[in-house]
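# Structural features, examined
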Amino acid sequence: MVYESRIHVFLQYIILGMTENVVASTVQENWVFFVVIVALYLMAVSWYFFRSRVFQLIGALFGDRYFHQMEREGNCFDEAVCYMLYMNYVLTLSLLIWHTGYFLFEENPIPAIPSAIMFLLVAGALVLLVLFKGVLMQIIAWVFHTRRATLSYLRNLMVFNQFTGMVLFPVVVFAVYTPGHLALMVAWGIFILSHFLRVL
């Protein structure tokens, strides 16, 4: 089974690392572990070197005081920690979307495209969507002279996505490396709930 092979590869990486003992039929899934490690590294660096800023970002979700403080400080939204946590969000959501397609079709949805390339296409599409939305919002703000409100909205959206990425990560990893659909449903439930709470 595909899940058994993934768990086998995951345990081999943890215990032995990448070795020649990994069977050929599961080598193509090794990139999933690499994505998990990169996302985990981004969060670990953020928590270790920018802990106070991370707590401030989390506080901004539940209190306007923290959010307005970050707005007053200006460039805090352009710091490295913000970009690292947002990259974690993109990687985690891309992995969730890819895994959902893999789960529904019980194989690569488009066999002609390698699974790693499919993941990169999903991640690239998400990045382009974010950029397109940002540019569109800036144009609307310029037309209607609502630049300050639009900038505040985009920053609030970024904070929510960063927090969603941190919460989603362990659930998505669990969903990828375990059989069944419960963890997958929980992951999508968290994603939908975060977007519902964002509009409240």
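Residues numbered from 1 in each chain as written. Predicted model: local features only at pLDDT ≥ 70, side-chain atom pairs only at ≥ 80, totals over all residues. Heavy atoms only, no water.

### A short note on the overall build of the chain
Helix and strand counts for the chain stand at eight helices and zero strands. Each helix (α) and strand (β) of the chain, taken in turn from the N terminus, gives the series α-α-α-α-α-α-α-α. Considering the chain as a whole, with its 200 residues, one finds that 44% of them fall into the buried category. If you take every contact in the chain between residues at least 6 apart in sequence, the share linking residues at least 24 apart comes to 68%. Surface summary for the chain: the accessible area is close to 11,800 Å², and the carbon and sulfur share equals 73%. (Helix = DSSP H or I, 4+ residues; strand = E, 2+ residues; numbered from the N terminus. Buried < 20%, exposed > 50% of the residue type's maximum accessible area, 1.4 Å probe, protein only. Contact = heavy atoms within 4.5 Å. Areas by Shrake-Rupley, 256 points an atom, 1.4 Å probe, with all protein chains shown as cover.)

### Examining helix α2 (residues 30–49)
With 20 residues, α2 ought to run about 28 Å at 1.5 Å a step, and its terminal C-alpha atoms sit 29 Å apart, in line with that. Within α2, burial applies to Asn 30, Trp 31, Val 32, Phe 33, Val 35, Val 36, Ala 39, Leu 42, Met 43, Val 45 and Ser 46. (Expected span 1.5 Å × (residues − 1).)

### Section: the confidence of the model for the chain
Per-chain confidence: the chain averages 78 in pLDDT, with 74% of residues scoring 70 or above. Within the chain, no element has a lower average pLDDT than helix α1 (residues 2–15), which sits at 49, and none a higher one than α2, at 92. Per-residue pLDDT stays below 50 along residues 13–28; that stretch engages in 13 contacts with residues further than four places along the chain or on separate chains. (pLDDT = per-residue confidence, 0-100.)

### Points about the side chain of Ser 46
Within the secondary structure, Ser 46 sits in helix α2. On the basis of relative accessibility, which here comes to 0%, the residue Ser 46 falls in the buried class. Within polar-contact distance, the side chain of Ser 46 engages the backbone oxygen of Leu 42 at 2.7 Å. Not counting the four nearest positions on each side in its chain, Ser 46 is found in contact with Arg 51, Val 54, Val 81, Met 84 and Leu 85. (Polar contact = N/O pair within 3.5 Å; in protein donor to acceptor, adjacent residues only side chain to side chain.)

### Concerning the packing of aromatic side chains
What the rule picks out here adds up to seven aromatic pairs. With 5.5 Å between their ring centres and 55° between their planes, Tyr 86 and Tyr 89 make a pair best called tilted. Note that Tyr 86 and Tyr 89 are positioned in helix α5 (residues 80–105) at a spacing of three residues, about one turn of the helix. Each member of the pair Tyr 86 and Tyr 89 is classed as buried. With a centroid separation of 5.0 Å and 40° between ring planes, the pair formed by Trp 98 and Tyr 102 is classed as tilted. Pair noted here: Trp 98 and Tyr 102 are both in helix α5, with a separation of four residues, about one helical turn. Residue class for Trp 98 comes out buried when judged on its relative accessible area of 3%. A relative accessible area of 9% means that Tyr 102 is categorised as buried. (Phe/Tyr/Trp six-rings, centres within 6.5 Å; stacked < 30°, edge-to-face > 60°.)

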